[in-house]
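Analysis of the macromolecular model
For reference, the chains in residue letters:
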Amino acid sequence: MSVTAVGSFWLPPSRGKLLRPRMAVRSSAVSVAPILTDLQKQCATPLPVLRHVADAMAADMRAGLAVDGGSDLKMILSYVDTLPTGNEKGLFYALDLGGTNFRVLRVQLGGKDERVIATEFEQVTISQELMFGTSEELFDFIASRLANFAKTESGKFHLPSGRKREIGFTFSFPVKQTSIRSGILMKWTKGFAVSGTAGRDVVACLNEAMERQGLDMQVSALVNDTVGTLAGARYWDDDVMLAVILGTGTNACYVERTDAIQKLGSQMSSSGRTIISTEWGAFSNGLPLTEFDRDMDAASINPGEQIFEKTISGMYLGEIVRRVLLKMAEEGALFGESVPEKLSTPFLLRTPDLCAMQQDNSDHLDAVGSILYDVTGVKSDLSARKMVVEVCDTIVKRGGRLAGAGIVGILQKMEEDTKGLIFGKRTVVAMDGGLYENYPQYRRYLKEAVTELLGLEMSKNIVIEHSKDGSGIGAALLAASNSQYQIDF
């Protein structure tokens, strides 16, 4: 797992190599039990908590639609007013920057009869240096890799003469969209801290970098990965009404009536609807938080921000568990008389480690023991391993159930505005991201929360469907439907 997949839930950690024992405060592993009990109480998500989160999410959505800055949720206009129909034809590119990797993709579309004729993609890791470097360095790197990819175009792909290659640019960070082809970066998230980009049009940044590379391409659509996922899923299924990314970071978007967007004023789309990106990672109302969440937040690059994301997304679940285990080791002698020094390394424990430990069904939890030893250098007995799995489950259960409550909040808001739109018929929630895709317990907890909140009968109409890598194809489809050549599909 040395390469980080786009939208995936693992983060390359800087793992320490030292194991310097220091004395634990207590010597009996029994004393970790109260720490676990407190953790479980503080992380509990019974139905009233879930209902409060769903209601608060719906209320914050309304406030964010009324006026910019009206709530924690930015409720960003996507300027995507028409969704794919299946009639799209031609060669289109997509560039997907959404996490610690980016992806370049090309697709040949054949209309209703042939749909996706051919597709090719390449995935590139973004180094820590670029994540903390300058805007020019990052975009020059992206443009150079895009140029290399364009050179490998094979005979399966055909661009009509006289046309430029058009790109759908998936940019999965908070952007103040000013048109379908432009957007101002509000701030970096997901561990990025690139200087010189905030307050600038990211399409202009990419266009300038492509010019420096001598690359004759143009951006026809700027979307985030969630909007791309919705568009990509909608291409195959007309019942898709919202999309959620649960990976390194998290976001949700949905189809909204333009007359429900007060801050839009008189700018109405011809279709009467548009896609809204909620930026729900910033939600913070009524979440069950612990000392470990608060300490992690205080030590983060964005204290007090992205609290929902820090509670439910893949970048942070492993770090919360690490902090719990460190306290158990220091105050309850979880791993014996000494505390492994490496356990003090932030982000040492990754979410895939949690996932692998929770899949261990062996009598002696051998995989748990191996992972703990490989990651922290600690030797553990069976009781310690059982405790570790309990901690993982507690944090993952809270995350999955809160994500489920967030989804219900969005569905609730849509239904309240248009009775029968959601709960009276089949409605599809398109899901993507490595956390959702790869972590079965997380998936189960999310779906259980949706069922609990909606009830068995109503929840049968809500289809939660994995839409793998839909954002890339979705961005290419949106480039097609927003082509400068005004192709009549």
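Cut-off values and rules
- Residues numbered from 1 in each chain as written.
- Predicted model: local features only at pLDDT ≥ 70, side-chain atom pairs only at ≥ 80, totals over all residues.
- Heavy atoms only, no water.
- Helix = DSSP H or I, 4+ residues; strand = E, 2+ residues; numbered from the N terminus.
- Rg over C-alpha atoms; globule rule 2.2 N^0.38 Å.
- Buried < 20%, exposed > 50% of the residue type's maximum accessible area, 1.4 Å probe, protein only.
- Contact = heavy atoms within 4.5 Å.
- Areas by Shrake-Rupley, 256 points an atom, 1.4 Å probe, with all protein chains shown as cover.
- Lys, Arg positive; Asp, Glu negative; His and termini not counted.
- Charge placed at Lys NZ, Arg CZ, Asp CG, Glu CD.
- Axes fitted to C-alpha atoms, helices over the stretch in contact; angles between N-to-C directions.
- Parallel < 35°, antiparallel > 145°, perpendicular 65-115°, else oblique.
- Left-handed = near helix turned anticlockwise from the far one by under 90°.
- Nonpolar A, V, L, I, M, F, W, Y, C, P; charged D, E, K, R; others polar.
- pLDDT = per-residue confidence, 0-100.
- Pairing = 2+ DSSP bridges.
- Salt bridge = Lys/Arg side-chain N within 4 Å of Asp/Glu carboxyl O.
- Expected span 1.5 Å × (residues − 1).

Points about the overall build of the chain
Helix and strand content of the chain: 17 helices and 13 strands. At 23 Å, the chain has a C-alpha radius of gyration in line with the 23 Å of a compact globule built from 489 residues. Here the chain holds 489 residues, and 58% of them are scored as buried. By sequence separation, contacts in the chain at least 24 residues apart represent 74% of the contacts at least 6 residues apart. When the accessible surface of the chain is split by element, carbon and sulfur atoms take 50% of a total near 18,800 Å². Looking at the chain, you have 52 positive and 59 negative side-chain charges, and the mean spots of the two groups are 1 Å apart.

A look at the packing of helix 1 (residues 33-43) against helix 10 (residues 314-332)
Relative to each other, helix 1 and helix 10 sit at 155°, their axes nearing to 10 Å. Here helix 1 lies roughly antiparallel to helix 10, going by the angle between them. For helix 1 against helix 10, the interelement crossing comes out right-handed. Residues Ile-35, Leu-36 and Leu-39 of helix 1 form the contact with helix 10, whose participating residues are Val-324, Lys-327, Met-328 and Glu-331. Of the residues assigned to the contact of helix 1 with helix 10, the class counts are five nonpolar, no polar and two charged.

Side note on the confidence of the model for the chain
For the chain, mean pLDDT is 89; residues scoring 70 or higher make up 92% of the total. Per-residue pLDDT stays below 50 along residues 1-29; that stretch engages in 91 contacts with residues further than four places along the chain or on separate chains.

With respect to the sheet that holds strand 5 (residues 165-171)
Backbone-to-backbone hydrogen bonds join strands into a sheet, with any given pair of strands oriented parallel or antiparallel. Spatial ordering of the open sheet is given by 4-3-2-5-8, a layout of five strands whose pairing is mixed. Each edge of the open sheet carries a strand with a single partner, namely strand 4 (116-125) and strand 8 (217-223). Geometrically, the sheet is characterised by an average inter-axis angle of 20° between neighbouring strands, direction not taken into account. Where strand 2 (residues 89-97) lies against strand 5, five bridges are found, and the strand directions are parallel.

Here we look at the pattern of salt bridges
In total, this model carries 27 salt bridges according to the counting rule given. The partner of Lys-310 in a salt bridge is Asp-297, and the shortest N-O contact between them spans 2.6 Å. Taken together, the positions of Lys-310 in helix 9 (residues 307-312) and Asp-297 in helix 8 (residues 291-299) put the pair 13 residues apart, joining distant regions of the chain. Across the pair Asp-353 and Arg-350 runs a salt bridge whose closest N-O atoms are separated by 3.2 Å. This pair shows no difference in class: Asp-353 is buried, exactly as Arg-350 is. Overlapping salt bridges, with partners in common, bring together Arg-62, Glu-256, Lys-413, Glu-416 and Asp-417 in one network.

As for the sheet that holds strand 10 (residues 250-257)
Reading across the sheet, the six strands line up as 1-11-10-9-12-13 and stay open at both edges, with mixed pairing between neighbours. Each having just a single partner strand, strand 1 (76-77) and strand 13 (462-466) make up the two edges of the open sheet. With respect to the sheet, helix 13 (residues 382-417) is in contact with strand 9 (240-246), strand 10, strand 12 (427-432) and strand 13, its orientation differing from that of strand 10 by roughly 10°.

Remarks on helix 2 (residues 47-66)
Counted at 1.5 Å a residue, the expected span for helix 2 with its 20 residues is 28 Å, and the 29 Å between its end C-alpha atoms agrees. Three or more residues of helix 2 are buried, namely Leu-50, Val-53, Ala-54, Ala-56, Met-57, Ala-58, Asp-60, Met-61, Gly-64 and Leu-65. Those residues of helix 2 that are buried are in contact with strand 10, strand 11 (273-277), helix 9, helix 13 and helix 15 (440-454).

A few points about unusual backbone geometry
Negative phi is the rule for most residues except glycine; trans is the rule for most peptide bonds. Phi is positive for Gln-306, close to 55°, though the residue is something other than glycine. By secondary structure assignment, the location of Gln-306 is in the loop between helix 8 and helix 9. A positive phi angle, near 60°, is found at Phe-347, a position not held by glycine. By the element assignment, Phe-347 lies in the loop between helix 10 and helix 11 (351-358).

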